[in-house]
Amino acid sequence: MNQQTMTLYTDTDFFSPYVMSVFVSLTEKALPFTLSAINLSTGENLQEAYTRLSTTRRVPTLVVDDFQLSESSAISEYLEERFPSPDYARIYPQDRQERARAREIQAWLRSDFMPIRTERSTEVVFAGLRLSPLSDSAQQAANKLISGLEPLLSDGRKYLFNEWCIADTDLALMLNRLALHGDSLPEYLRQYASYQWLRPSVQQWRALSQK
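Report on the accompanying structure. None of these values were measured; they are calculated from a predicted model. (Residues numbered from 1 in each chain as written. Predicted model: local features only at pLDDT ≥ 70, side-chain atom pairs only at ≥ 80, totals over all residues. Heavy atoms only, no water.)

**Side note on the layout of surface pockets**
Link 1 in the chain: The calculated volume of the largest pocket comes to roughly 590 Å³.
Link 2 in the chain: S16, P17, Y18, L40 and V59 are, among the 24 residues lining the largest pocket, the residues nearest its centre.
Link 3 in the chain: Per-class residue counts for the lining of the largest pocket are 6 nonpolar, 9 polar and 9 charged.
Link 4 in the chain: Size it by volume and the second largest pocket reaches roughly 170 Å³.
Link 5 in the chain: Looking at the second largest pocket, the residues that line it are R90, Y92, P93, Q94, D95, E98, F161, N162, E163 and W164.
Link 6 in the chain: Looking at the lining of the second largest pocket residue by residue, the classes come out as 4 nonpolar, 2 polar and 4 charged. (1 Å grid on protein atoms, 1.4 Å probe; cavity = no way out; pocket = protein on both sides within 12 Å on 5 of 7 lines; lining within 4 Å. Points joined across faces, edges and corners; volume = space filled by probe spheres on them. Nonpolar A, V, L, I, M, F, W, Y, C, P; charged D, E, K, R; others polar.)

Below, the structure written as structure tokens:
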């Protein structure tokens, strides 16, 4: 097969949950790629060189040869289609309905739970930051997350579906915003998130964020 040249643009701290999602997708598929860090705090993402690559002016952006794509879930879906099994590992479920549910989970995590993302930033996850107790709105968001996951994970399963998929990593990141800060969380969700965090591809990302 032809060898593609891939570059994944990341934040300089390696704290972005969305870059992490794409990093894990690439790593799980065993696709060779290089990382290029963009300094968001200085507005490097708004400078001309980067705006030519990224429609959204955000990270992640993945460049594959002469094709550029931003937004993490769009990138992972593209990778699944461009590099399908059996030559490459799956990052979405094989079953069509489960695959749709995985994308539902991803969309839910990205479009909801702003109070959690605000009050439990990824500095909690990757740098051990300690913050004030959750506000009422953040606790309500946490309760909504927990109640939504109960039918999916309360039986103690290790994955959302029969096997790991990229939605498991995305969900574990959201849960670990709470779990790693010591916020209240059912034990089955705490164990689920902890198990996902041991995955080698996730550990590789964590090593980058801890340099």
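Still more ground to cover, so stick around.
**Concerning empty space enclosed by the protein**
Link 1 in the chain: Scanning the entire structure with this criterion turns up 1 cavity of 30 Å³ or more.
Link 2 in the chain: Of the voids in this model, the largest cavity is the one considered here, and its volume is about 110 Å³.
Link 3 in the chain: Lining the largest cavity, in full, are P17, Y18, L109, R110, R117, D170, L173, M174 and R177.
Link 4 in the chain: For the lining of the largest cavity, the secondary-structure elements that each account for two or more residues are α1 (17-28), α4 (96-111) and α8 (166-179).
Link 5 in the chain: Ranked by residue count, the leading element in the lining of the largest cavity is α8, at 4 residues. (Helix = DSSP H or I, 4+ residues; strand = E, 2+ residues; numbered from the N terminus.)

**What about the sheet that holds strand β4 (residues 67-70)?**
Link 1 in the chain: Reading across from one edge, β2-β1-β3-β4 is the order of the 4 strands in this open sheet, with mixed pairing throughout. Strand pairing shows two members of the sheet lacking a second neighbour, β2 (34-38) and β4, which therefore form its edges. The average angle at which neighbouring strand axes cross in this sheet is 20 degrees, direction not considered.
Link 2 in the chain: Pairing between strand β3 (residues 61-64) and β4: 4 bridges, direction antiparallel. By the bridge assignment, V64 is partnered in β4 with F67.
Link 3 in the chain: Docked against the sheet, α1 engages β1 (6-11), β2 and β3, running at close to 150 degrees with respect to β1.
Link 4 in the chain: In the packing of helix α3 (residues 72-82) onto the sheet, contacts are made with β3 and β4, and the angle to β4 comes to roughly 135 degrees. (Pairing = 2+ DSSP bridges. Axes fitted to C-alpha atoms, helices over the stretch in contact; angles between N-to-C directions. Contact = heavy atoms within 4.5 Å.)

**Some details on the environment of L131**
Link 1 in the chain: One can find L131 in the loop between α6 (122-127) and α7 (136-153).
Link 2 in the chain: On the accessibility criterion, L131 (35% relative accessible area) is partly exposed.
Link 3 in the chain: Each C-alpha atom of the pair L131 and R120 lies 7.6 Å from the other, and the pair is 11 residues apart in sequence. (Buried < 20%, exposed > 50% of the residue type's maximum accessible area, 1.4 Å probe, protein only.)

**Some details on the packing of α4 against α7**
Link 1 in the chain: The geometry of α4 relative to α7 is characterised by a closest axis approach of 13 Å and an angle of 170 degrees between their N-to-C directions. The angle between the axes of α4 and α7 places the two elements in the roughly antiparallel class. When α4 is examined against α7, the residues R101, I105, W108 and L109 are found in contact with a partner set consisting of K144, L145, G148, L149 and L152.
Link 2 in the chain: Of the residues contributing to the contact of α4 with α7, the split by class is 6 nonpolar, 1 polar and 2 charged. (Parallel < 35°, antiparallel > 145°, perpendicular 65-115°, else oblique.)

**Focus: α7**
Link 1 in the chain: Look at α7: 25 Å from first C-alpha to last across 18 residues, which is about the 26 Å you get at 1.5 Å a residue.
Link 2 in the chain: Turning to α7, its buried residues are A138, A141, A142, L145, I146, L149, L152 and L153.
Link 3 in the chain: On the buried face of α7, the contacting elements are α4, α5 (114-119), α8 and α9 (187-197). (Expected span 1.5 Å × (residues − 1).)

Nothing here speaks to function; it is all geometry.
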